[in-house]
Amino acid sequence: MQTLRQDIAYAIRQMRLSPVFTLTATLTLALGIGATTAIFSLIHTVMLKSLPVADPSRLYRIGDGQDCCIEGSPQDNWGMFSYLFYQRMRENTSEFEELAAFQAGGIQFSMRRGENDHVAKPLGGEFVSGNYFSTFGVSAFTGRTIVPSDDQPTSVPVAMLSYRTWQQEYGSDPHVVGSTFILNGRPFVVVGITPPGFFGETLRSNPPAIWVPINQEPMLSGTNSLLHHFSAWVRVIGRLKPGASPDALPGRLTNLLRGWLINESGFPAEWMTGVKAQLPKQKINVVPAGTGVGVMRANYSASLNILLAVCSLVLLIACANIANLLLARGASRQTQTSVRLALGASRKRLVSQALTESLVLSIMGGLFGLAVAFIGVKVVVALAFRGAQYVPIDAAPSLPVLGFAFLMSLVTGVLFGTAPAWLATHVNPAEALRGANRSTKDSSSISQKSLVIVQATLSVVLLTGAGLLTRSLKNLQHQDFGYETDHRATISLSAPFNSYPQPKLDAMYRELQERLSHLPGVERVALAQYTPLQDNWGEIVIRQGHGMPSMNDPVGSSWDHVNAGYLETLGQKILRGRSITEDDNASAQKIAVVNEAFVKRFFKPGEEPLGTYFGLDLPKYSATYEIVGVVRDAKYQDPTGKDPTRPLFFVPLAQRVSYDHPLMQSIDDSTHFIEGAVFKLHGSMEGLESQVRRVLSEVDPNLTLLGVQTLEDQVDSNFDQQRAVAKMTGLLGILALVLAAVGLYGVAAYTVERKTNEIGVRMALGANRMNVVRLVLRGIFVQILIGLAIGIPASIACSRLISAQLYQVKGWDPLVLCGSVLALSLCAFLASIIPAQRAASINPVEALRAD
């Protein structure tokens with residue numbers, strides 16, 4: 001310990017004597033370690049961190065699929081279930097103490113505090129079963145939690161607020177608990193506040209602000225989803241009993257599901273042939289849920305892994321840079337080291353002292369790196385969740401993150417300190433004492449050149465990756481979306497309440513349309529159930545005279561209720577036939593306008609779709625809609641281009657269909673509750689939000705404005721993840737280039753210093769300044785060319801690894817690759833030209849005299 005204290009004191013003294021070296025090395029390490037720690041912090045939070053609940057290790061999720069049967073077919077790998085099937089599972093899972101259900105995706109409520117509050121606030125919420133909080137072992141911060149007795153159809157409506165909402169929206173008012181709030185026009189009593197830090201079962205942006213018993217869903221939403229046998233909309237998590245094993249559950253639940261689909265699912269008889277054919281593929285997995293539902297994990301894992309790989313490469317470049325600095329300093333200390341060896345110092349002792357110095361340096365870099373990591377997490381979250389009101393990701397370093405930073409500091413200290421320490425002690429003392437410049441063999445020079453080659457190789461890989469991701473983002477943002485984004489704006493609304501009768505709803509829509517159309521700067525406006533890039537309904541399409549299709553075939557289509565002029569307002573071009581007009585009213589023939597993907601799926605090549613009829617789900621409804629127009633395909637669901645354009649048809653908001661099937665009638669009724677509108681503007685949208693808010697409050701105080709944005713921003717917000725990755729990779733690529741430049745400058749400067757005698761001899765023998773400059777540049781660019789020879793194939797190989805994250809960009813992109821090579825070459829030239837000019841200015845007489 002005494003020796004260690006001496007080595008640490010010596011290291012600190014040496015750093016104090018070399019402030020420029022210390023500052024450069026510390027900042028270099030801080031950036032490398034800090035960036036890597038920031039990404040690890042996000043990976044830990046998103047993928048590894050347990051939920052802030054009691055004993056999360058005993059939580060298991062029933063089903064691990066992420067998607068629902070949006071087109072009406074079974075899910076194969078199930079992750080969402082009907083409420084009725086959830087109740088059946090509760091009866092058949094004795095391994096669990098509790099089995100809780102919760103709504104997948106959440107819902108937006110309109111909320112007012114008491115009858116006298118005339119301004120409704122939008123509030124994100126979630127329907128949960130009465131045992132939800134007890135399953136997670138969560139107690140109320142104040143008041144009480146929702147309990148099973150609250151989750152009954154006849155129970156007094158209650159709700160529970162999040163701590164953050166209680167604090168920010170209501171100033172931690174203790175009188176909130178026990179107060180009556182108006183939720184979607186219905187009175188609810190707030191019975192409690194969740195504890196600080198609890199965000200629910202799913203890590204996501206804008207988590208629920210309010211939780212409501214699931215049996216209140218029929219009263220608050222457009223449909224009674226509790227009674228839909230095959231409407232999969234809830235996820236399920238259970239708490240395992242002590243000592244119980246979940247191993248037998250997947251097989252038993254899979255058999256239960258298959259029996260349910262055949263005997264109790266409520267599928268119409270016409271569907272059963274297709275259901276039976278798909279039955280062997282239907283399965284339920286049971287997976288640990290201590291980290292919650294991995295929606296963010298599934299969406300962001302690939303991007304985070306890319307950033308972690310990029311940061312690791314930057315850290316390697318930083319380590320190579322510091323190793324170069326230490327090699328140069330070690331070379332300058334050769335005489336001192338040789339004296340120590342000549343006086344009896346052991347090589348082990350000298351290596352130990354050198355390693356201690358590098359470890360102290362790396363720990364200092366790690367401490368500063370924590371500050372970089374804190375800022376880095378905030379930057380990445382801000383980029384990836386642009387516009388989100390709240391993301392429950394804490395940027396403050398946790399114990400695992402602190403441990404990771406400390407481990408990275410130790411690893412980097414050993415990584416960049418070992419080689420310089422070893423080389424410094426493996427010199428010939430007699431030769432070193434005679435003069436370093438007479439040396440015929442310089443191991444440190446060889447090592448420095450090798451490290452420069454490594455830096456050049458990694459820099460090309462990083463620059464190429466950053467270029468590909470940036471080009472992919474540009475392609476995403478400037479693709480043809482199928483509609484106009486210029487001078488368009490969209491608003492999102494909380495849907496009108498299902499208690500509104502049809503005449504009141506239709507009258508409200510007419511008044512809303514009229515008043516919004518006359519706002520200053522508005523050229524035209526159109527209402528819609530869904531605006532672009534919102535999830536929409538999907539149903540089985542059956543053409544007239546074609547009978548029930550096989551469910552093994554693609555038979556589904558999304559649909560949207562819009563009013564007259566919607567397609568024109570959006571700028572979506574009609575290719576054949578006509579659009580929806582004012583004449584398509586309640587008494588007119590039911591019509592539909594379909595997109596190109598609809599025609600490709602349901603019609604043979606050359607077959608005319610205009611004038612044909614189709615319906616939904618059952619053959620007896622196959623003559624419901626007449627196709628009167630074909631509109632061009634547009635990006636309504638997935639603007640990233642990963643999925644093909646989905647079939648889509650538009651039907652008039654003014655037309656309703658009368659079904660004799662209760663479920664079909666319920667679906668049609670619920671799709672008439674609009675959630676947005678599209679505006680075509682004369683100029684800017686300045687002041688539009690306040691005007692829209694005023695109109696809504698005058699038309700109906702319960703209509704809540706959730707947001708106003710340009711259509712361009714609405715589209716662009718779908719690329720936040722890609723933007724974050726591209727920008728962070730670009731910044732790290734620039735950092736890698738700067739670090740490589742510093743390393744090249746150090747090597748060039750050291751080379752000039754080491755070859756001062758040789759340069760003096762050359763100049764004395766007649767070499768001119770240009771000859772000397774070429775000599776120095778040639779030495780640097782030989783290393784650069786070797787680095788490029790390795791880096792270009794490596795870049796192509798790495799590009800293939802990230803090809804899934806690219807849009808309309810090939811892994812082999814000559815423009816991006818050439819740009820990376822030119823950037824590195826220019827950087828190398830600028831870094832080496834100053835030492836080269838200095839070498840050309842050497843006085844031969846002074847150089848020879850110094851020798």
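This text follows the structure it describes.
Cut-offs used in this document
Residues numbered from 1 in each chain as written. Predicted model: local features only at pLDDT ≥ 70, side-chain atom pairs only at ≥ 80, totals over all residues. Heavy atoms only, no water. Buried < 20%, exposed > 50% of the residue type's maximum accessible area, 1.4 Å probe, protein only. Helix = DSSP H or I, 4+ residues; strand = E, 2+ residues; numbered from the N terminus. Pairing = 2+ DSSP bridges. Phe/Tyr/Trp six-rings, centres within 6.5 Å; stacked < 30°, edge-to-face > 60°. Axes fitted to C-alpha atoms, helices over the stretch in contact; angles between N-to-C directions. Parallel < 35°, antiparallel > 145°, perpendicular 65-115°, else oblique. Left-handed = near helix turned anticlockwise from the far one by under 90°. Contact = heavy atoms within 4.5 Å. Nonpolar A, V, L, I, M, F, W, Y, C, P; charged D, E, K, R; others polar. Expected span 1.5 Å × (residues − 1). Arc of directions from axis to C-beta.

### Things to note about the pairing of strand 15 (residues 556–562)
Note on strand geometry: in a regular strand, side chains alternate between the two faces of the sheet. Most of strand 15 sits out of view: seven of its seven residues are buried. Every second residue of strand 15 is oriented toward a common face, with G556, S558, D560 and V562 on one face and S557, W559 and H561 on the other, all of them buried. Pairing analysis gives five bridges linking strand 15 to strand 20 (residues 648–652), with the strands arranged parallel. What sits directly across from V562, in strand 20, is P652.

### A short note on the packing of aromatic side chains
Summed over all chains, the structure comprises 30 aromatic pairs. Ring plane angle 65° and centroid distance 5.0 Å describe the contact between Y132 and F136, whose orientation is recorded as edge-to-face. Here F136 and Y132 lie together in helix 4 (residues 132–136), a separation of four residues that amounts to about one turn. With respect to burial, Y132 and F136 carry one shared label: buried. Judged by centre distance (5.1 Å) and plane angle (40°), the ring pair of Y300 and F385 falls under tilted. Taken together, the residues Y300 in helix 9 (residues 295–332) and F385 in the loop between helix 11 (347–384) and helix 12 (399–425) connect sequence positions 85 residues apart. Judged by relative accessible area, which is 16%, Y300 ranks as buried. Its relative accessible area of 12% is what places F385 among the buried residues.

### A short note on the packing of helix 23 (residues 769–801) against helix 24 (residues 814–840)
Axis separation between helix 23 and helix 24 bottoms out at 9 Å; the angle between their running directions is 155°. One way to sum up the angle between helix 23 and helix 24 is to call them roughly antiparallel. Of the two possible hands of crossing, helix 23 and helix 24 adopt the one that is right-handed. Listed contacts from helix 24 to R769, V772, V773, V776, L777, I780, F781, I784, L788, I792, S795 and I796 of helix 23 are L817, V821, L824, S825, A828, F829, S832, I833, A836, Q837, A839 and A840. Taken together, the residues that form the contact of helix 23 with helix 24 break down as 19 nonpolar, four polar and one charged.

### Thoughts on the environment of A54
Note that A54 resides in the loop between helix 2 (19–48) and strand 1 (59–62). Between the C-alpha atom of A54 and that of S139, which follows or precedes it by 85 residues, the distance is 9.7 Å.

### Structural notes on helix 1 (residues 2–17)
Taking 1.5 Å per residue as the helical rise, helix 1 with its 16 residues ought to reach 22 Å, and the 23 Å between its terminal C-alpha atoms agrees with that figure. Residues of helix 1 that are buried: D7, Y10, A11, Q14 and M15. Viewed along the axis of helix 1, the buried residues span an arc of 135°, placing them on a single side of the element. In this structure, helix 1 carries R16 and L17 as exposed residues pointing more than 90 degrees from its buried face.

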